[in-house]
Amino acid sequence: MSAGIQREVAAAERAAAGSLLADTPTALLLNGVWCEASDGGTFAVENPATGETLVRVASATPTDGVAALDGAVAAQAAWAATAPRERAEILRRAFELLIERREEFAQLITLEMGKPIAESRGEVTYGAEFLRWFSEETSRISGRYATAPDGNSRLLVLRRPVGPCLFVTPWNFPLAMATRKIAPAIAAGCTAVLKPAVLTPLTALRFAQVLQEAGLPDGVLNVIPTASAGAVTGPLIADPRLRKLSFTGSTPVGKRLIADAAHGVLRVSMELGGNAPFLVFPDADLDRAVDGAMLAKFRNGGEACTAANRFLVHESIAADFAERLTARVAALAVGDGSAAGTQQGPLVDRATLEKVSELVESARAEGAVATTGGHALEGAGYFYAPTVLTGVAPGARILGEEIFGPVAPITVFADEAEAIRLANDTEYGLVGYAYTRDLNRGLRLAEQLEVGMFGLNTGIVSNPAAPFGGVKQSGLGREGGAEGIEEFLETTYVGIADPLLDAAA
Ligand code: NAP
């Protein structure tokens, strides 16, 4: 069991948090202007480590949502016409500002979302890298000119921005999930409306301020935090002026939005839930596999779509793996993410804590044993003890759902075929991980696991230069990499009569 919770935050950090909050926008950003909600409504943002309200934020109404889209539509033509280099330089300046202000953004992420400050710093770096990567991609947008196969005409292919976009983002990476969409949109020449998660709007609002400072023109990015997600996004998705919806969040909400988007044949990108298998073969370097497991499972307290959700371990090494993992997990320092040294923060809210508790109880009822943790931690905030479960039978409920918490269920397999069958036994297909020293086996897994991303001997795959996304019910489209900007570009083909005909005449 983990030893107590570190709840004490130094006075200096508490004071810094106070001035950071006083300095962070809490209004809507509509066409370059920070405004209150049209009905004056607000909602509270909580610190999940204490349950206390940090600040209240303006809650956009459906009318405000339409005003945000009006801003994006008004800015679209001029923005599409800017020189790629100009767009690139705005992104580059924003990247530099974020890096310069890494500490304040990290503190803000920890305050509203709960993750340990060291991980928040990592998120700022990761989130900022999308700005740098797409600033570099901006000047590489190109088309093509070709002679048709019969030689009688020419084919010109142009790439153009798709137009005004709606972005809906989750709370688990409040900065990176926003920059992963905003950066390629800006690079491609699209304008956007961002609806951040109700639990974590502050980071997105402060980031919008950075973009303004970097020179982003009014209306290119509009931000509408709201406590009424569906009521505000519904009219926008139905609005024929909107050209793209990019959503990151749970699969059930994603399915609903795909259905809504179908009415206007709106382009959609969907980054949805995951149920990642983490395979450990008998030839694996076990120390490295445990290091990878700690990253794949306990980074962000397990609240990541890429979190390992099912540890599938060969029967010959399962006991050894479980013992080593248990020792590492039991030693994790749990506490307020703002306190130095914290390795596991709270879960984001009470509902998440209750869901994790319930899943662990269901696993116990189905025969699993907690070798460490297995219970919520008492007191303020939403803490769950980091947990390892052994003896989890294939088919157990906990293996079929996204845990989204610090719980590692271990199941054994007998051979590679069974490992692949168990790994693919899910409607999700975001990411998989495997530890093996056999390169051929690694490549077989890369070809046979039904996932959009595969970590071979690594517990972390996210990289701004790589295409992030899933197959099956984990989503549609890719973010990051060379593929990321494609999602924001439309293709126009121009058929041209053979220009040599004139020369011949
Ligand atoms: P969520 O409940 O689906 O919410 C995601 C976003 O959708 C939030 O902004 C939410 O607003 C909004 N939303 C909820 N209901 C809506 C509706 N009816 N219409 C329009 N918008 C609506 O997911 P979450 O709990 O925030 O995030 C966790 C999920 O995200 C997990 O399933 C995780 O796997 C997934 N995720 C996927 C990726 C990926 O790249 N594949 C990355 C990160 C997270 P409110 O905040 O107001 O509810």
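The rules behind these values
- Residues numbered from 1 in each chain as written.
- Predicted model: local features only at pLDDT ≥ 70, side-chain atom pairs only at ≥ 80, totals over all residues.
- Heavy atoms only, no water.
- Patch = residues over 30% accessible without salt bridge, like charges linked within 9 Å, V, L, I, M, F, W, Y side chains within 5 Å.
- Areas by Shrake-Rupley, 256 points an atom, 1.4 Å probe, with all protein chains shown as cover.
- Salt bridge = Lys/Arg side-chain N within 4 Å of Asp/Glu carboxyl O.
- Helix = DSSP H or I, 4+ residues; strand = E, 2+ residues; numbered from the N terminus.
- Buried < 20%, exposed > 50% of the residue type's maximum accessible area, 1.4 Å probe, protein only.
- Domains from an automatic or database assignment.
- Contact = heavy atoms within 4.5 Å.
- Buried area = accessible area lost by both parts, 1.4 Å probe.
- Polar contact = N/O pair within 3.5 Å; in protein donor to acceptor, adjacent residues only side chain to side chain.
- Nonpolar A, V, L, I, M, F, W, Y, C, P; charged D, E, K, R; others polar.
- Core = buried A, V, L, I, M, F, W, Y, C linked by side-chain atoms within 4.5 Å.
- Phe/Tyr/Trp six-rings, centres within 6.5 Å; stacked < 30°, edge-to-face > 60°.
- Lys NZ or Arg CZ within 6 Å of the ring centre and 35° of its normal.
- 1 Å grid on protein atoms, 1.4 Å probe; cavity = no way out; pocket = protein on both sides within 12 Å on 5 of 7 lines; lining within 4 Å.
- Points joined across faces, edges and corners; volume = space filled by probe spheres on them.
- Pairing = 2+ DSSP bridges.
- Near = heavy atom within 4 Å.
- Sits in = over half its atoms within 2 Å of the grid points.

### Examining a nonpolar patch on the surface
Here is step 1 of the chain: On the surface, a nonpolar cluster with roughly 270 Å² of combined accessible area is contributed by Leu439, Leu443 and Leu456.
Here is step 2 of the chain: By secondary structure assignment, the location of Leu439 is in helix 15 (residues 439-448).
Here is step 3 of the chain: On the accessibility criterion, Leu439 (57% relative accessible area) is exposed.

### Regarding the domain arrangement of the protein
Here is step 1 of the chain: Each assigned domain of the protein is listed with its residue range as follows: domain 1 (14-272 + 475-490) and domain 2 (276-463).
Here is step 2 of the chain: Computed from C-alpha coordinates alone, the two centres of domain 1 and domain 2 are separated by 30 Å.
Here is step 3 of the chain: Counting from both sides, the interface comprises 21 residues of domain 1 and, opposite them, 27 residues of domain 2.
Here is step 4 of the chain: Of all residues in domain 1, Pro48, Ala49 and Trp171 give up the largest surface area on contact with domain 2, accounting jointly for 23% of the area buried on that side.
Here is step 5 of the chain: Linking domain 1 with domain 2 are zero salt bridges.
Here is step 6 of the chain: At the junction of domain 1 and domain 2, the tally comes to seven residue pairs in polar contact (both at pLDDT 80 or more).
Here is step 7 of the chain: The set of elements that each furnish at least two residues to the side of domain 1 that touches domain 2 consists of helix 4 (102-113) and helix 5 (117-138).
Here is step 8 of the chain: Residues belonging to the side of domain 1 that touches domain 2 are distributed by class as follows: eleven nonpolar, six polar and four charged.

### Things to note about the nonpolar core
Here is step 1 of the chain: Ranked by size, the top nonpolar core spans 100 residues in total, and within it Phe321 and Leu325 carry the most contacts.
Here is step 2 of the chain: When residues in this core are grouped by element, the largest group, nine residues, is from helix 6 (residues 176-188).
Here is step 3 of the chain: Both of domain 1 (14-272 + 475-490) and domain 2 (276-463) provide at least three residues apiece to this core.
Here is step 4 of the chain: Ignoring sequence-local partners within four residues, the contact set of Leu325 consists of Val290, Ala293, Met294, Val388, Ala408 and Ile410.

### Quick look at the packing of aromatic side chains
Here is step 1 of the chain: Inspection of every chain in the model, using the stated rule, returns eight aromatic pairs.
Here is step 2 of the chain: Ring geometry for Phe278 and Phe311: centres 4.9 Å apart, planes at 45°, overall tilted. One end of the pair, Phe278, is in strand 13 (residues 276-280); the other, Phe311, is in strand 14 (residues 308-314), with 33 residues separating them in the sequence.
Here is step 3 of the chain: Here Phe278 falls in the buried class, since its relative accessible area comes to 0%.
Here is step 4 of the chain: Summarising the aromatic geometry, the rings of Phe278 and Tyr433 are spaced 5.8 Å apart at their centres and angled 35° between planes, so their arrangement reads as tilted. Here Phe278 is found in strand 13, whereas its partner Tyr433 is found in strand 19 (residues 431-435), with 155 residues between them in sequence. For the pair Phe278 and Tyr433, a shared accessibility class is recorded, and that class is buried.
Here is step 5 of the chain: Every member of this aromatic cluster is reached through a ring pair, and the members are Phe278, Phe311, Phe321, Tyr433 and Tyr435.
Here is step 6 of the chain: Geometry around Phe468 places Arg180 over its ring, the cationic atom sitting 4.0 Å from the centre.

### Re the layout of surface pockets
Here is step 1 of the chain: Taken as a whole, the largest pocket holds about 930 Å³ of empty space.
Here is step 2 of the chain: If you go around the largest pocket, you meet 41 residues; those closest to its centre are Trp171, Phe247, Gly249, Ser250 and Val253.
Here is step 3 of the chain: At the level of elements, helix 8 (229-238), strand 11 (244-248), helix 9 (251-262) and helix 12 (350-365) are the ones that each hand at least two residues to the lining of the largest pocket.
Here is step 4 of the chain: Here the lining of the largest pocket is built from residues that sort into 21 nonpolar, 13 polar and seven charged.
Here is step 5 of the chain: For the lining of the largest pocket, the two domains that each supply at least three residues are domain 1 (14-272 + 475-490) and domain 2 (276-463).
Here is step 6 of the chain: Val9, Glu13, Ala17, Leu111 and Ser338 are the residues nearest the centre of the second largest pocket, which is lined by 20 residues in total.
Here is step 7 of the chain: When residues are assigned to domains, the lining of the second largest pocket turns out to be shared by domain 1 (14-272 + 475-490) and domain 2 (276-463), each giving three or more.

### Looking at the pairing of strand 7 (residues 153-161)
Here is step 1 of the chain: Note: strand 6 (residues 144-147) against strand 7, four bridges, orientation antiparallel. Considered in strand 7, the bridge of Ala146 is made with Leu155.
Here is step 2 of the chain: In the sheet, strand 7 pairs with strand 22 (residues 489-497) via nine bridges, with the strands oriented antiparallel. Bridged to Arg160 within strand 22 is Glu490.

### Here's the deal with the site of the ligand
Here is step 1 of the chain: Thr169, Arg180, Ser250, Leu272 and Glu402 are the nearest of the 29 residues found near the ligand.
Here is step 2 of the chain: With respect to the ligand, the backbone of Gly249 contributes an N or O atom lying 3.3 Å from an oxygen atom.
Here is step 3 of the chain: Between the ligand and the protein, one listed contact pairs a nitrogen atom with a backbone N or O atom of Leu272 at 2.8 Å.
Here is step 4 of the chain: Look at the ligand: alone it shows 890 Å² of surface, and the protein chains cover 86% of it.
Here is step 5 of the chain: With respect to the detected pockets, the ligand is housed in the largest pocket.
Here is step 6 of the chain: For the shell around the ligand, the elements supplying multiple residues, two or more each, are helix 6, helix 8, strand 11 and helix 9.
Here is step 7 of the chain: A breakdown of the residues in the shell around the ligand according to their chemical character gives 15 nonpolar, nine polar and five charged.
Here is step 8 of the chain: For the shell around the ligand, the domains that each give at least three residues are domain 1 (14-272 + 475-490) and domain 2 (276-463).

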